[in-house]
Amino acid sequence: MIYLDSAATTLKKPPEVINAAASAIFKLGSPGRGGHEYAMRAAECAYTCRERAARLFNVENPENVVFTMNATHALNIAISSLVERGDRVLISSWEHNAVLRPLIGKSAELLIAETAPFEGENCLNEYERLLKTHPKCAVLNHASNVTGSILPIYEIAELCSRYGVPLIVDASQSAGAMRVDMAALGAAFIAMPGHKGLYGPQGTGLLLCGVMPKPFLLGGSGSDSASGTMPAYLPDLAEAGTHNMPGIAGLSEGLDFVLRRGIEKIHTHESSLIRRAAEGLRGKGAKVWLSEAPERQTGVLSFVFDDEDPESTASRYNDSGFALRAGLHCAPLAHKSLGTFPRGTVRLSVSAFTTMREVEAFLKV
Amino acid sequence: MSDYLIISRSLTYAQRTERALVSAGFRAAVIRTPEERLREGCGYSVKLMRARLSDALGVLYSKGLAPKHVFVFDGGRAGEEVRL
């Protein structure tokens, strides 16, 4: 089976990730819970992971790197920290349900920046128009999980700063594949999964905090134990309960892999794969969504055949030994924007470990 | 040159403190806070070994890492508190 669904989870991991996660099960205790060797080893492992994330994402203080279960968990903390019931919130027309559902749950009034995919800086006028209405905050994905289209997030962040609107960035599809720079963005929060472009195990995520979050999950933190409230400092404030140490140990090695390989090299590799896939699919009569500018697209490619339902296409590829995902990809708003709602598209997505030979094999089906 | 116990507000803060000291050439390690000082912080401290405290504090203050408390550390026990 050839795996082409890395936008959901990167399945091929660096061997160091697998070894670290496996050995953590019997070698690591819980950080902040005791002074014995197992607890102290876990504490060292967790801190190293925070340091690596801080280095990759240019976060000045590793204490501001919070471990979460996934990007959805991180986004829920961020949104519940900044959004009150009924607030007006700016979003893009490409958001995932991980953003939409928490906002709808808050009865937020959604100001949707309606832009086309791969527009680049041409979309800035639309964002500025909506920012001038002073929403409570902006929650924007850096890259779409449906098309791979990259928002000009640094320019939008500058606009947010100009209009005094706090920014939450959903870096689910960009972390590890594009430059994500906390200091340059000046974001209130950046949320990301550990199991996609950071090559960690499922069940891991990160929340980078530019401001103090509100406590979301309450419970033991291994600190201030006599107090009935969560500690007032990071990361303890946002990390109630026992840590996922096998996940964190693996994520730490995944971060190290990305740091060593380099974002630019990973992006160039993924870009060349989807461009070849797009070319081949067009030759077969598929409609593909590909940016003319490689820097505006991650390793995600949506496509459809006019005469075939996307689910049937994915099923046909699955029967031939290729794993792709069809449907709405938990992003109905994005598919409405693309004009592919409710059937959706077929999504091919690659990672640093996908090879050109695998893409060529896919194109032979 | 003495040993000191630097009490921090949190485990992660203690780890930052330890990293800052080690990268400046000091010998330091995160340890479980001895029982007699457990109430002073998060339960974890940095043991600073054979150091001139004023130099170590200079490093920490330059990085914005103010200690919560500092004690002279002798024979595995936190003794007299150092006034900061």
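What you see is a predicted model, and the numbers here were worked out from it, not measured in a lab. (Residues numbered from 1 in each chain as written. Chains lettered and ligands numbered in written order. Predicted model: local features only at pLDDT ≥ 70, side-chain atom pairs only at ≥ 80, totals over all residues.)

Draft legend 1. Region of interest: the domain arrangement of chain A. All names here are of chain A. With domains assigned, chain A is organised as domain 1 (2-11 + 263-363) and domain 2 (15-261). On a C-alpha basis, the centroid separation for the pair domain 1 and domain 2 is 25 Å. Each partner contributes to the interface: domain 1 provides 30 residues, whereas domain 2 provides 30 residues. Its residues placed into classes, the side of domain 1 that touches domain 2 shows 13 nonpolar, 13 polar and four charged. (Domains from an automatic or database assignment. Contact = placed C-beta atoms within 7 Å. Nonpolar A, V, L, I, M, F, W, Y, C, P; charged D, E, K, R; others polar.)

Draft legend 2. Broad picture of the interface of chain B and chain A. Of the residues lining the interface, 12 residues belong to chain B; the matching set on chain A comes to 13 residues. The set of elements that each furnish at least two residues to the side of chain B that touches chain A consists of helix H1 (11-23) and strand S2 (27-32) of chain B. With five residues, the top contributor of residues to the side of chain B that touches chain A is H1 of chain B. Partitioned by chemical class, the residues of the side of chain B that touches chain A number five nonpolar, four polar and three charged. (Helix = DSSP H or I, 4+ residues; strand = E, 2+ residues; numbered from the N terminus.)

Draft legend 3. Just the pairing of strand S3 (residues 88-92) of chain A, in detail. All names here are of chain A. Of all five residues making up S3, four are buried, and the element is well covered by its neighbours. Relative to strand S4 (residues 109-113), S3 runs parallel, the two being bridged by five bridges. In the sheet register, Val89 faces S4, and the bridge partner there is Leu110. In this region the chain leaves S3, passes through helix H4 (residues 97-105) and returns to the parallel neighbour S4; the handedness of that crossover is right-handed. Bridge count between S3 and strand S5 (residues 137-141): three bridges; the pairing is parallel. Following the sheet pairing, Leu90 is matched in S5 by Ala138. (Buried ≥ 20, exposed ≤ 12 C-beta atoms within 10 Å, placed from the backbone. Pairing = 2+ DSSP bridges. Right-handed = clockwise from strand over helix to strand, strands pointing away.)

Draft legend 4. Summary view of helix H3 (residues 71-82) of chain A. Residues and elements named next belong to chain A. The end-to-end C-alpha distance of H3, which contains 12 residues, comes to 17 Å, matching closely the 16 Å that a straight helix rising 1.5 Å per residue would cover. The buried fraction of H3 is high, at 11 of 12 residues. Listed in full, the buried residues belonging to H3 are Ala71, Thr72, His73, Ala74, Leu75, Asn76, Ile77, Ala78, Ile79, Ser81 and Leu82. Buried-residue contacts for H3 involve strand S2 (65-68), H4, S5, strand S6 (167-170), strand S7 (189-193) and strand S8 (205-209). (Expected span 1.5 Å × (residues − 1).)

Draft legend 5. Summary view of the nonpolar core. Residue and element names in this part refer to chain A. The biggest cluster of nonpolar side chains holds 107 residues, and the ones touching the most others in it are Ile168, Ile190, Ala191 and Leu207. Considering each element in turn, this core owes the most residues, nine residues, to helix H2 (residues 37-56). When sequence neighbours within four positions are dropped, the list of residues in contact with Ile168 reads Ala78, Ile79, Leu82, Cys137, Ala138, Val139, Ala187, Ala188, Phe189 and Ala191. (Core = buried A, V, L, I, M, F, W, Y, C linked by C-beta atoms within 7 Å.)

Draft legend 6. The arrangement of the environment of Pro102 of chain A in detail. Residues and elements named next belong to chain A. Mapped onto the elements of the fold, Pro102 is located in helix H4. What makes Pro102 partly exposed here is the crowd of 19 C-beta atoms within 10 Å. The sequence separation of Pro102 and Leu75 amounts to 27 residues, and the corresponding C-alpha distance is 8.2 Å. In contact with Pro102, other than residues within four places in its own chain, are Leu75, Asn76 and Ile79.

Draft legend 7. Representation of the sheet that holds strand S1 (residues 2-7) of chain B in the model. Residues and elements named next belong to chain B. In spatial order, the strands read S2-S3-S1-S4-S5; together these five strands make up an open sheet with antiparallel pairing. The sheet is open, and its two edges are formed by S2 and strand S5 (77-82), each paired on a single side. Ignoring which end each strand starts from, the neighbouring axes of this sheet average 35° apart. Of the pairings in the sheet, the one linking S1 to strand S4 (residues 69-74) comprises four bridges and is antiparallel in character. (Axes fitted to C-alpha atoms, helices over the stretch in contact; angles between N-to-C directions.)

Draft legend 8. A look at unusual backbone geometry. Residue and element names in this part refer to chain A. The step from Leu234 to Pro235 runs through a cis peptide bond, and the omega angle for that step is 0°. Mapped onto the elements, Pro235 comes out in the loop between S8 and helix H8 (245-261). The step from Phe341 to Pro342 runs through a cis peptide bond, and the omega angle for that step is 5°. Inspection of the secondary structure puts Pro342 in the loop between helix H11 (332-338) and strand S13 (345-349). Its identity as a non-glycine residue notwithstanding, Asn58 has a phi of 50°, on the positive side.

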